[in-house]
Amino acid sequence: MLMHVFGSTAVAIGTVLAAFMAGMAIGSWLIGKAADRSRHCLRLYAYLEISLALAALVSHLLLSRIGPAHLALHDLFGFSNAIFVVIRFMLAFLLVLGPTTLMGATLPVLARFLVNRSSNVGTNLSTLYAVNTLGAVFGVLVAGFHLVGTYGVHIPVYLAVTANLVIGGIAWLVSLRLAGSAPAESQPAKEPDPVGNEERIDPLTVRVVLIGLGISGLTSFAYEIYWT
């Protein structure tokens, strides 16, 4: 759908990637911090999954009607190509940003839930990230190579929305069962400091690592657009 707006595969993919990663980062940062203070992380996860389903549905319906909005914006701002490019980018960016922000929050919230309830944190978090990655790969394979080609765009989106609602409902029911029988969830687990107070990581080192990760992410997504 964005191809009809931008007229370029690279620009459309770049817009989706920018919105996707921005939403993932914002959701992980903002709602992830809320999870650190939450006493019922699994219930918060249920809210996120249900909200994600509704936001994705709304975003999909709006994206399918982006053509008329694009023409109206062209009538208003078509006198300046630079302004029009920025506005249509922001239009598509904001439509994708909502669902991806909620999506980015789900993994940190589940991670906090596991940290609060288990002493075997390393194994459980590794398993969570492995399952998350495998699920993403499976989703891309099934949707990209079968569902979209067979049923078009709408049916896969509705299936994904239904799956999110089901997952959110299951998480909600489980959280209700655990509410009275798992006091460990209410208190975040305190992990021992293996390096001791005398070997704190230097703040400059942290900044260098973050800058390196940022450059690595920029390069990775640039490669993905170039490859496409």
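Reading the values: rules and limits
- Residues numbered from 1 in each chain as written.
- Predicted model: local features only at pLDDT ≥ 70, side-chain atom pairs only at ≥ 80, totals over all residues.
- Heavy atoms only, no water.
- Salt bridge = Lys/Arg side-chain N within 4 Å of Asp/Glu carboxyl O.
- Helix = DSSP H or I, 4+ residues; strand = E, 2+ residues; numbered from the N terminus.
- Buried < 20%, exposed > 50% of the residue type's maximum accessible area, 1.4 Å probe, protein only.
- Contact = heavy atoms within 4.5 Å.
- Core = buried A, V, L, I, M, F, W, Y, C linked by side-chain atoms within 4.5 Å.

**Student:** With reference to specific residues and values, describe the pattern of salt bridges.
**Tutor:** Across all of its chains, the model carries one salt bridge by this definition. The closest approach of N and O atoms between Arg-112 and Asp-36, which form a salt bridge, is 3.1 Å. On the criterion of sequence distance, the pair formed by Arg-112 in helix 5 (residues 81–117) and Asp-36 in helix 2 (residues 9–37) is long-range, its members being 76 residues apart. Of the residues examined, Asp-36 reaches a relative accessible area of 40% and is grouped as partly exposed.

**Student:** Residue-level account of the side chain of Ser-59, with values.
**Tutor:** Here Ser-59 is to be found in helix 3 (residues 41–63). You can call Ser-59 buried: its relative accessible area is 7%. Ser-59 has contacts with Leu-95, Val-96 and Pro-99, leaving out every residue within four places of it along the chain.

**Student:** Break down the nonpolar core for me, with residues and values.
**Tutor:** Ranked by internal contacts, the top residues of the largest apolar core, which has 18 residues, are Ile-31, Leu-42, Tyr-45, Leu-48 and Val-109. Mapped onto this core, the elements with two or more residues apiece are helix 2, helix 3, helix 5 and helix 7 (154–179). Looking at which element gives the most residues to this core, the answer is helix 5, with seven residues.

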